Amino acid sequence: MTARIYRPARNAMQSGKGKSKQWILVHEATTPRSIDPLMGYTSSSDMNQQVRLSFETLEEAEAYAKRNGIPYSVQPAHEPTPKRVSYPDNFRSDRKTPWTH
């Protein structure tokens, strides 16, 4: 029963950074999901898959995993590089692609 500690990426559909500042600890699946023959739902007998803990810092998440004897792996946080864009660059004469509507 290993756990994964990561910081989720921001939502690509919005410009805000909500829900992307905390570190998340989730348990990896130990048993594969099965399909219910009557209704077609997917289910699992592993209840740890439903547990999702959030922490303010990576150190708190690691301390929790060590304190409870949970083996874990840490995925490094991905920091996007801000791209400098200027509005007049849209109308430069040396653009690689022509500007069209």
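Residues numbered from 1 in each chain as written. Predicted model: local features only at pLDDT ≥ 70, side-chain atom pairs only at ≥ 80, totals over all residues. Heavy atoms only, no water.

The name that an unreviewed UniProt entry assigns to the protein is ETC complex I subunit, with the source organism given as Devosia marina.

*Asks:* I'd like a rundown of the packing of aromatic side chains, residues and numbers included.
*Replies:* Within a pair of aromatic rings, the relevant descriptors are the distance that separates the centres and the angle that separates the planes. Here the structure, examined in full by the defined rule, presents one aromatic pair. Aromatic side chains Phe 55 and Tyr 64 sit 5.5 Å apart centroid to centroid with 45° between the ring planes, which places their arrangement in the tilted category. (Phe/Tyr/Trp six-rings, centres within 6.5 Å; stacked < 30°, edge-to-face > 60°.)

*Asks:* How would you sum up the sheet that holds strand β5 (residues 52-55)? Please name residues and give values.
*Replies:* Pairing is mixed across the open sheet formed by four strands, whose spatial order is β5-β2-β1-β6. Lying at the two open borders of the sheet, with one neighbouring strand each, are β5 and β6 (72-74). Here the average twist between neighbouring strands, direction ignored, is 20°. Two elements, strand β1 (residues 3-6) and strand β2 (residues 23-27), share four bridges in a ladder whose sense is antiparallel. Within β2, the position partnered with Arg 4 by the bridge is Val 26. Contacts from helix α1 (residues 58-67) reach β1, β2, β5 and β6, with the element oriented near 165° to β6. (Pairing = 2+ DSSP bridges. Helix = DSSP H or I, 4+ residues; strand = E, 2+ residues; numbered from the N terminus. Axes fitted to C-alpha atoms, helices over the stretch in contact; angles between N-to-C directions. Contact = heavy atoms within 4.5 Å.)

*Asks:* Mind laying out the pattern of salt bridges, listing which residues take part and the relevant values?
*Replies:* This structure, assessed with the given rule, holds one salt bridge. The partner of Arg 4 in a salt bridge is Glu 28, with the nearest N and O atoms 2.9 Å apart. Here Arg 4, found in strand β1, pairs with Glu 28, found in the loop between β2 and β3 (34-35); they are 24 residues apart in sequence, far enough to count as distant. For Glu 28, a relative accessible area of 32% puts it in the partly exposed group. (Salt bridge = Lys/Arg side-chain N within 4 Å of Asp/Glu carboxyl O. Buried < 20%, exposed > 50% of the residue type's maximum accessible area, 1.4 Å probe, protein only.)

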